[in-house]
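Here are the chains, one letter per residue:
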Number of protein chains: 2
Amino acid sequence: MSRVYNFSAGPAVLPEEVLKEAADEMLDYKGSGMSVMEMSHRSKVYDDIIKEAEKDIRDLMNIPDNYKVLFLQGGASQQFAMIPMNLMKNKKAAYIITGQWAKKAYKEAQIYGDAVAVASSEDKTFSYIPDCSDLDIPEDADYVYICENNTIYGTKYKKLPNTKGHTLVADVSSCFLSEPVDVTKYGIIYGGVQKNIGPAGVVIVIIREDLITEDVLPGTPTMLKYKTHADADSLYNTPPAYGIYICGKVFKWLKKMGGLSVMKERNEEKAKILYDFLDQSKMFHGTVVKEDRSLMNVPFVTGDKDLDAKFVKEAADAGFVNLKGHRTVGGMRASIYNAMPKEGVEKLVEFMKKFEAENA
Amino acid sequence: MSRVYNFSAGPAVLPEEVLKEAADEMLDYKGSGMSVMEMSHRSKVYDDIIKEAEKDIRDLMNIPDNYKVLFLQGGASQQFAMIPMNLMKNKKAAYIITGQWAKKAYKEAQIYGDAVAVASSEDKTFSYIPDCSDLDIPEDADYVYICENNTIYGTKYKKLPNTKGHTLVADVSSCFLSEPVDVTKYGIIYGGVQKNIGPAGVVIVIIREDLITEDVLPGTPTMLKYKTHADADSLYNTPPAYGIYICGKVFKWLKKMGGLSVMKERNEEKAKILYDFLDQSKMFHGTVVKEDRSLMNVPFVTGDKDLDAKFVKEAADAGFVNLKGHRTVGGMRASIYNAMPKEGVEKLVEFMKKFEAENA
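Residues numbered from 1 in each chain as written. Chains lettered and ligands numbered in written order. Predicted model: local features only at pLDDT ≥ 70, side-chain atom pairs only at ≥ 80, totals over all residues. Heavy atoms only, no water.

The name an unreviewed UniProt entry gives chain A is Phosphoserine aminotransferase, with Roseburia yibonii as the organism. In its Function (unreviewed entry) section, the UniProt entry covering chain A states "Catalyzes the reversible conversion of 3-phosphohydroxypyruvate to phosphoserine and of 3-hydroxy-2-oxo-4-phosphonooxybutanoate to phosphohydroxythreonine." You can read under Pathway (unreviewed entry) in the UniProt record for chain A the words "Amino-acid biosynthesis; L-serine biosynthesis; L-serine from 3-phospho-D-glycerate: step 2/3." (UniProt positions renumbered as here; feature names shortened; annotations may be inferred.)

Shown next, in the form of structure tokens:
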């Protein structure tokens, strides 16, 4: 067995020890005589798994008691509808457009009410985060929506928008658990887990309790009401049980690593290695305004499409895989989530140096 | 490691060799250097997995070309809304109420239009399937809805309802791939996979192409339109990729076993062992009308709650687990899905005989 360095934007690399544990427990979870895949979600043994997972993410993120943690399905794309269906009491919301995912969320919200784009960085291919210190947010907006880390474009909010007292809703799919966060600043923090936490098919929603009500838009499916899942502790129907179990293992791994402050340091250190190289390279260049750079997703280009393609191919042959950039940015993108070891980034930079020397 | 006999109604037992393969491939899927959990769903290696899974279920069920196979999320509960949102053009549908899940689907449909209960077996705790040869189905009903195998109550339609020319929609969660089926008799066949096919978090929808349209009810979320997923071959957003991979392995296992005709024989043989015993036992009794008995879920009672509880406990201690019946039926329930070996049923009956002798 030989593992590659996997720079996929998601689904993405997971901690090797988590995968090893999962493999070891596949046929018999802790003496239960069965796989976690085979367990009734109403059984005591599974209840312990989901409760422990919730406890651990609460510890990691320091989630206050007046927030619920929900393990749901359908990915961020389903949240794009669920958020307005549950929150748009005044049928108005403010969206900040910093990439494809924010834009999709904004378009979906228009089905349900008056979604207003209060800022956008589309003019420069989403290569920066707009100034959000004094936005023209409608008084009666039910919430302000952001995508906090933009996977495709490699930007991240370093400062949250001034919502002027409105509820902040954030998609954190690609920066989930990558650094400490002040949950009290948000009404909803949510993300698909398939980048930093676990296998695709689980979305975690952290929601302030006052936002969970029966007063949803007419026609909202039972499964798309936060209240349905909050009242049932995420067990209204069969949850994506195996995925939640893997998430739980990643939470334990994060705790063992020292928690989110330590992860932030590690992630800063890893990103610095790559950004420092990009800043001095004569061949490779970052595509993002420096102060808005993501710690998780690092897009870069050579400026020459053929050379980009040659690099992606030779890198893959050398064991650095999934480096091709998104078609809207071109070039390359290295996603360096929590589970990417520092060594992976160091070796990638070594390889880039060698490639630059050989192709100068 | 010691595996139990797991009679859980779902999530449920999976073939041991599928679990072994999954464990072996956990850190490195076929030389890719990564787990299937870590793969981009847009990668060639994953595309092969999902395409092969679709091909195999098409082979197994002999699915005609004018039906799409969709791998979705949200379980059957989400289909309860998705079906009327997509199909209720006339805002009318006929529901046959044969258990809790059919009833939930019926209630959800009432959010979207005039859902009419055209038959029910609730008068006798859903212990039979109503006569569906000449139902009073509204002329303009968009579809007729059934739950084909009733997990909680242990009944199954042995003959499909006479829909009088209307589209038939069937939830087959608990009898999926347990016997051959004539797909052309249905407009939609769907089911959560967590009983007969794979880990919870995947729902498979087999839908006739003419039912996939843009003409859905106003307010239908993008993610709840069949067209969204059909147009993107189930890759509109990140699918529950690892779950689909396990489903694919189960499809291969079913093919190796000989396909659905062989599975039907095996399942009939297994069920007969248990039903024959129940029919002659002086202590244990089946709860369902004989001609409507499910091959998958076998509820039984002693008629004495304390004795039931004693049985469930002693059975669990002997390695026969998850035999407690649903609270609405009481007593016991043995779910004997595809992956339950004949030996498991034989040993359970041996244990029941011994228990009966000891407690007569």
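Text resumes after the structure shown.
Draft legend 1. Fine view of the sheet that holds strand E3 (residues 92–97) of chain B. Residues and elements named next belong to chain B. Reading across the sheet, the seven strands line up as E2-E10-E9-E8-E5-E3-E4 and stay open at both edges, with mixed pairing between neighbours. Strand pairing shows two members of the sheet lacking a second neighbour, strand E2 (67–72) and strand E4 (114–120), which therefore form its edges. Averaged over all neighbouring strand pairs, the angle between strand axes comes to 20°, with direction disregarded. Helix H2 (residues 44–61) contacts E2, strand E9 (188–192) and strand E10 (203–208) of the sheet and is inclined by roughly 130° relative to E2. (Pairing = 2+ DSSP bridges. Helix = DSSP H or I, 4+ residues; strand = E, 2+ residues; numbered from the N terminus. Axes fitted to C-alpha atoms, helices over the stretch in contact; angles between N-to-C directions. Contact = heavy atoms within 4.5 Å.)

Draft legend 2. Local environment of the relation of the copies chain A and chain B. With an axial shift of 0.0 Å and an RMSD of 0.0 Å, the rotation relating chain A to chain B amounts to 180°. The transformation relating the two chain copies, once decomposed into turn and shift, fits a two-fold axis. Of the C-alpha atoms belonging to chain A, the one lying closest to the rotation axis is found on Ala-23 of chain A, 2.2 Å away. (Least-squares fit on C-alpha atoms with pLDDT ≥ 70 in both.)

Draft legend 3. Structural context of the UniProt feature "binding site: L-glutamate" (unreviewed entry) in chain A. Residue and element names in this part refer to chain A. As recorded in UniProt, the feature "binding site: L-glutamate" (unreviewed entry) lies at Arg-42. By secondary structure assignment, the location of Arg-42 is in the loop between helix H1 (16–24) and helix H2 (44–61). Arg-42 has contacts with Leu-235, Tyr-236 and Asn-237, leaving out every residue within four places of it along the chain.

Draft legend 4. Seen up close, the nonpolar core. In this structure, Ile-204, Tyr-242 and Phe-311 of chain A together with Ile-204, Tyr-242 and Phe-311 of chain B are the most contacted members of the largest nonpolar core, which totals 194 residues. Within the second largest apolar cluster, 72 residues are counted, among which are Ile-83, Met-85, Tyr-106 and Tyr-143 of chain A. (Core = buried A, V, L, I, M, F, W, Y, C linked by side-chain atoms within 4.5 Å. Buried < 20%, exposed > 50% of the residue type's maximum accessible area, 1.4 Å probe, protein only.)

Draft legend 5. Looking closely at the pairing of E10 of chain B. Residue and element names in this part refer to chain B. Among the six residues of E10, six are classified as buried, and the element is accordingly described as predominantly covered. Here E10 shows a buried face lined by Val-203, Val-205 and Ile-207 and a second buried face lined by Ile-204, Ile-206 and Arg-208. Where E2 and E10 come together, six bridges link them in antiparallel fashion. By the bridge assignment for E10, Tyr-67 is matched with Arg-208.

Draft legend 6. How the structure looks around the pairing of strand E8 (residues 168–171) of chain A. Residues and elements named next belong to chain A. Side chains Leu-168 and Ala-170 project from E8 onto one buried face, and the interleaved Val-169 and Asp-171 project onto a second face that is buried too. Pairing geometry for strand E5 (residues 144–147) and E8, over four bridges, is parallel. Counted as the bridge partner of Tyr-145 is Val-169 from E8.

Draft legend 7. Focus on the pattern of salt bridges. Scanning all chains against the criterion turns up 66 salt bridges over all chains. Residues Lys-310 of chain B and Glu-314 of chain B are paired through a salt bridge, measuring 3.4 Å at the closest nitrogen-oxygen approach. You can see Lys-310 of chain B and its partner Glu-314 of chain B sitting in helix H8 (residues 305–317), four residues apart, about one turn around the helix. In this structure Glu-314 of chain B comes out as partly exposed when scored by relative accessible area, which is 26%. In this structure, Asp-317 of chain B engages Lys-313 of chain B in a salt bridge whose closest nitrogen and oxygen atoms are separated by 2.7 Å. With Asp-317 of chain B and Lys-313 of chain B both in helix H8 and four residues apart, the pair spans about one turn of that helix. Under the relative-accessibility criterion, Asp-317 of chain B is labelled exposed at 59%. In the salt-bridge network here, residues are joined through shared partners; they are Glu-52, Lys-55, Asp-56, Asp-59, Lys-252 and Lys-255 of chain A. (Salt bridge = Lys/Arg side-chain N within 4 Å of Asp/Glu carboxyl O.)

Draft legend 8. Looking closely at the layout of surface pockets. Of the pockets and cavities examined, the second largest pocket occupies roughly 910 Å³. Lining the second largest pocket are 37 residues; nearest its centre among them are Gly-10, His-326 and Arg-333 of chain A together with His-41 and Arg-42 of chain B. When contributions to the lining of the second largest pocket are tallied by element, the ones reaching two or more residues are helix H3 (75–87) and helix H4 (100–109) of chain A. For the lining of the second largest pocket, the element with the highest residue contribution is H3 of chain A, accounting for four residues. Here the lining of the second largest pocket is composed, by residue class, of nine nonpolar, 21 polar and seven charged. (1 Å grid on protein atoms, 1.4 Å probe; cavity = no way out; pocket = protein on both sides within 12 Å on 5 of 7 lines; lining within 4 Å. Points joined across faces, edges and corners; volume = space filled by probe spheres on them. Nonpolar A, V, L, I, M, F, W, Y, C, P; charged D, E, K, R; others polar.)

Draft legend 9. Geometry of the environment of Ala-271 of chain A. Residues and elements named next belong to chain A. As for its position among the elements, Ala-271 is in helix H7 (residues 260–280). A relative accessible area of 1% means that Ala-271 is categorised as buried. C-alpha separation for the pair Ala-271 and Lys-313, spaced 42 residues apart in sequence, amounts to 23 Å. With near-sequence residues (within four places) excluded, Ala-271 lies in contact with Leu-295 and Ile-336.

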